[in-house]
Protein chains: 2
Amino acid sequence: MLTDFNTAVSMLKNADKILILTHRNPDGDTLGSGFALLRALRKMGKRAKLLNADRISEKYIHLYEGLTEDNFSEEFIVSVDVAERKLLGDTFMEKYADRVDLSFDHHGAGKPFAKMTYNEPDSASACEIIYSVIKALGVEIDKKIADCIYTGCSTDTGCFKYSNVTARTHRIAAELIEYGADCSRINEKMFDTKSMNSISLERMCYESLEVFGGGKVAVITVTKEMLVKSGTDKSHLDAIKPITRQIEGVEIGLTVKEEDGGAAGVSIRTSENYDASLICSHFGGGGHIRAGGCEIKDTTENAKAKVVDYILNNIL
Amino acid sequence: MLTDFNTAVSMLKNADKILILTHRNPDGDTLGSGFALLRALRKMGKRAKLLNADRISEKYIHLYEGLTEDNFSEEFIVSVDVAERKLLGDTFMEKYADRVDLSFDHHGAGKPFAKMTYNEPDSASACEIIYSVIKALGVEIDKKIADCIYTGCSTDTGCFKYSNVTARTHRIAAELIEYGADCSRINEKMFDTKSMNSISLERMCYESLEVFGGGKVAVITVTKEMLVKSGTDKSHLDAIKPITRQIEGVEIGLTVKEEDGGAAGVSIRTSENYDASLICSHFGGGGHIRAGGCEIKDTTENAKAKVVDYILNNIL
């Protein structure tokens, strides 16, 4: 069921022994939201813990630095930035999906699964919502919380670059700077640090580049072998996915990644003229207008052919 | 002579037939400042024109779109974002440097040359200053002016990524969005568009990559031949310059570019631990703390050796 902001805040106010869940393959927004909320709830004297299905990349260490573990049996479960149940990850979906009391989400195409969902599709990031929630909870924002919120605001907008940025996004960033957020250091870690390995992966990706539809569609193929050769893993793909669409003239960019079990993960980025989530939903996936993804149970070559054919025949 | 904000604004209020000068190799900030001011002065009923020493890249077309030319003999000269006289470019320096009535600048290491200089080194961009100036002039900010100001705010901060960003920078961006600035479209042109040629140049640059000082210093060398081979020109180098410093572990990144007449242009980017302008000033150049440049009258190989030696022996 959908709920309004004040009800969502009241639910948190009244809750204790709170488990916070983030989405699988956790990114800066789900983690920033989760750890900001965790820190705020603990400042209120509540017991809170955070779980997520996958390993947290080391670059997010500033989000959880200084936090202690707490083990208790949860009485209230809240999810942050989880657009649908399966994004909890297989194990967590089974264990928790039906027990989530409150979900904070900002995905317009989200599929609410919690008992109560507060969704603000105008928010550029879940962190924008959590910022308002923390203020409404009456918790004073400290530097650590500001760092968490800033990380989500910044990563989900490509550092204030994308069309999801609103005046509010910038005003929150201004306030976070005043609360002491270490913005440029966070941005450097999030956007401006490449390992020699990821540079090597990037070069291989450019070698795999193919162009279709008179230059409007560009495709990069990432095989498991490329990851091994470059010494990278799938966490490096976030930096690869935007590449295709950034090429002059390209309207739709695909990154096709060889997955385990003979499947292919397709990530789609579009110009303002095309809807990525629409293309992805045709293949059982989803996402936002300019960025989406889907999984196809086929080889990378076949998956690529299927998506490119669909785009050439139905979208362009 | 240095002057204060109100005096600078009064000078503009009282002036007419105004010539605006930008710096050579004009970037988004000098052009954004110049065209925003031009548009504002014309809205006040004044005659104003803008000149700069070099060709304006096509990606800045949104700054001057719709403007008509006006020819008059100037009675007042104002420069924007020009840190020192030689940055007017050789011809303009000779012609105008001693006649500039008012200079708006934000470079802490600037060398004032105008009759009056208003310098705000805390401003992330000259556009931040010009925004306040236009408001103080009582001109209503329209979408076109907002686009100009936003372009400078965004390009001089790496899209709100760098340490020069302040709460004010974000608040101005919020207001510019409300004035209708086309932020994401501007950012896409400024940051997220690469031609196949520039991708090809980037790949060559990675091939030229050398590392010194145990991985703390990285150098990319750009020869004229590389530009010819990739079909690019020096305007493509802005995208290359940050690459070195973005490599994990690199504290000081150099891009050494073969210039005409047997000279080498060295661009330096540093981590927060080192001062780029300090290194550059040793070679007669200058800049900001994290980004600077200098020209060395020598081959690229020798220039590289000189700067790397100096860094290894005196800086690291």
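None of the values given here were measured: they were computed from a predicted structure.

1. Concerning the overall build of chain A
Phase 1: Summing up its helical and strand segments, chain A has 13 helices and 11 strands in all.
Phase 2: Here chain A has a C-alpha radius of gyration of 20 Å; the compact-globule value for 316 residues is 20 Å, and the two agree.
Phase 3: Dimensions of chain A along its principal axes, counting C-alpha atoms only, are 60 × 40 × 35 Å.
Phase 4: For chain A, the share of sequence-separated contacts (at least 6 apart) that also reach a separation of at least 24 residues comes to 66%.
Phase 5: Summed over its atoms, the accessible surface of chain A is roughly 13,100 Å², and 47% of this surface lies on carbon and sulfur atoms.
Phase 6: Positive and negative side-chain charges in chain A, numbering 39 and 47 respectively, have mean positions lying 2 Å apart.

2. Concerning the relation of the copies chain A and chain B
Phase 1: Rotating chain A by 180 degrees and translating it 0.0 Å along the rotation axis places it on chain B, where the RMSD comes to 0.1 Å. On this basis, the relationship between the two copies can be described by a two-fold rotation axis. Across chain A, the smallest distance between a C-alpha and the rotation axis is recorded for H170(A), namely 2.5 Å.
Phase 2: Most of the interface of chain A is mirrored in chain B, where 100% of its interface residues are also at the interface.

3. Comments concerning the pattern of salt bridges
Pairs may arise between side chains of opposite charge once their charged atoms sit close together.
Phase 1: One pass over the full model with this rule turns up 56 salt bridges over all chains.
Phase 2: Across the pair E210(B) and K304(B) runs a salt bridge, and its minimum N-O distance is 2.5 Å. You can see E210(B) sitting in strand β6 (residues 210–212) and its partner K304(B) sitting in helix α13 (residues 300–315), a full 94 residues away along the chain.
Phase 3: Under the relative-accessibility criterion, E210(B) is labelled partly exposed at 29%.
Phase 4: The partner of K297(B) in a salt bridge is E295(B), and the shortest N-O contact between them spans 3.3 Å.
Phase 5: Look at K297(B) and you get exposed, because its relative accessible area is 68%.
Phase 6: Residues joined in a network through salt bridges with shared partners are K49(A), E74(A) and R99(A).

4. Quick word on the pairing of strand β11 (residues 291–296) of chain A
Residues and elements named next belong to chain A.
Phase 1: Along β11, the buried face is formed by G292, C294 and I296; none of A291, G293 and E295, which line the opposite face, is buried.
Phase 2: By the bridge criterion, six bridges tie strand β9 (residues 264–270) to β11 in an arrangement that is antiparallel. Bridge assignment links A264 to a residue of β11, and that residue is I296.
Phase 3: Across two bridges, strand β10 (residues 286–287) lies against β11 in antiparallel orientation. Opposite G286, over in β11, you have G293 as the bridge partner.
Phase 4: Taken together, β10 and the strand that follows it, β11, pair antiparallel across an intervening segment of three residues.

5. As for the packing of aromatic side chains
Phase 1: Taken as a whole and assessed by the stated rule, the structure comprises 13 aromatic pairs over all chains.
Phase 2: Both rings, one in Y150(A) and one in F160(A), keep their centres 5.9 Å apart while their planes meet at 50 degrees; by these two values the pair is tilted. Of the two residues, Y150(A) sits in helix α6 (residues 143–155) while F160(A) sits in the loop between α6 and α7 (167–178), which places them 10 residues apart along the sequence. Comparing Y150(A) with F160(A), the two get one shared label, buried.
Phase 3: With centroids separated by 5.5 Å and ring planes inclined at 85 degrees, the aromatic side chains of F283(B) and Y310(B) adopt a geometry described as edge-to-face. Highlighted residues: F283(B) in the loop between α12 (276–282) and β10 (286–287) and Y310(B) in helix α13, separated in sequence by 27 residues. An identical accessibility class is assigned to F283(B) and Y310(B); each is buried.
Phase 4: Taken together through their ring pairs, the aromatic side chains of Y150(A), F160(A), Y150(B) and F160(B) make up a single cluster.
Phase 5: K49(A) extends its terminal NZ or CZ atom over the ring of F72(A), reaching a point 4.6 Å from the ring centre.

6. Description of helix α2 (residues 28–43) of chain A
Phase 1: The terminal C-alpha atoms of α2(A) lie 22 Å apart, and with 16 residues this matches the ideal 22 Å at 1.5 Å per residue to within 8%.
Phase 2: At the exit of α2(A) stands G45(A), carrying a positive phi of roughly 90 degrees.

7. Remarks on the domain arrangement of chain A
All names here are of chain A.
Phase 1: The domain architecture assigned to chain A consists of domain 1 (5–191) and domain 2 (196–315).
Phase 2: With seven residues of domain 1 at the interface, the matching set in domain 2 holds six residues.
Phase 3: With both chains or domains summed, domain 1 and domain 2 bury close to 460 Å², and 38% of this area falls on carbon and sulfur atoms.
Phase 4: Area buried by domain 1 at its contact with domain 2 is led by H107, A109 and S163, which between them contribute 40% of it.
Phase 5: Summed over the shared surface of domain 1 and domain 2, the number is zero salt bridges.

8. Let's talk about the nonpolar core
Phase 1: Counting residues in each nonpolar core, the largest one holds 104 residues, and the members touching the most others are F104(A), I149(A), F104(B) and I149(B).
Phase 2: Look past the residues within four positions of F104(B) in its chain and what remains in contact with it is A8(B), L12(B), V78(B), S79(B), V80(B), D81(B), V82(B), Y118(B), I129(B), I130(B) and V133(B).

9. Observations concerning the environment of L254(B)
All names here are of chain B.
Phase 1: Mapped onto the fold, L254 is located in strand β8 (residues 252–258).
Phase 2: Its relative accessible area of 0% is what places L254 among the buried residues.
Phase 3: In this structure, L254 is in contact with A218, V219, I220, T244, S267, I268, V307, V308 and I311, ignoring residues within four places of it in sequence.

10. With respect to the interface of chain A and chain B
Phase 1: With 39 residues of chain A at the contact, the number on the chain B side is 39 residues.
Phase 2: For chain A, the biggest contributors to the area lost against chain B are K161(A), H170(A) and D192(A); these three give 17% of the whole.
Phase 3: For the pair chain A and chain B, the interface holds 12 salt bridges.
Phase 4: The salt bridge involving E188(A) is made with R290(B); its shortest N-O contact spans 2.8 Å.
Phase 5: Linking chain A with chain B are 21 residue pairs in polar contact (both at pLDDT 80 or more).
Phase 6: Sorting the residues of the side of chain A that touches chain B by element identifies α7, α8 (183–191) and α9 (196–208) of chain A as the ones contributing at least two each.
Phase 7: If one sorts the elements of the side of chain A that touches chain B by residue count, α7(A) sits on top with eight residues.

Cut-off values and rules
Residues numbered from 1 in each chain as written. Chains lettered and ligands numbered in written order. Predicted model: local features only at pLDDT ≥ 70, side-chain atom pairs only at ≥ 80, totals over all residues. Heavy atoms only, no water. Helix = DSSP H or I, 4+ residues; strand = E, 2+ residues; numbered from the N terminus. Rg over C-alpha atoms; globule rule 2.2 N^0.38 Å. Contact = heavy atoms within 4.5 Å. Areas by Shrake-Rupley, 256 points an atom, 1.4 Å probe, with all protein chains shown as cover. Lys, Arg positive; Asp, Glu negative; His and termini not counted. Charge placed at Lys NZ, Arg CZ, Asp CG, Glu CD. Least-squares fit on C-alpha atoms with pLDDT ≥ 70 in both. Salt bridge = Lys/Arg side-chain N within 4 Å of Asp/Glu carboxyl O. Buried < 20%, exposed > 50% of the residue type's maximum accessible area, 1.4 Å probe, protein only. Pairing = 2+ DSSP bridges. Phe/Tyr/Trp six-rings, centres within 6.5 Å; stacked < 30°, edge-to-face > 60°. Lys NZ or Arg CZ within 6 Å of the ring centre and 35° of its normal. Expected span 1.5 Å × (residues − 1). Domains from an automatic or database assignment. Buried area = accessible area lost by both parts, 1.4 Å probe. Core = buried A, V, L, I, M, F, W, Y, C linked by side-chain atoms within 4.5 Å. Polar contact = N/O pair within 3.5 Å; in protein donor to acceptor, adjacent residues only side chain to side chain.

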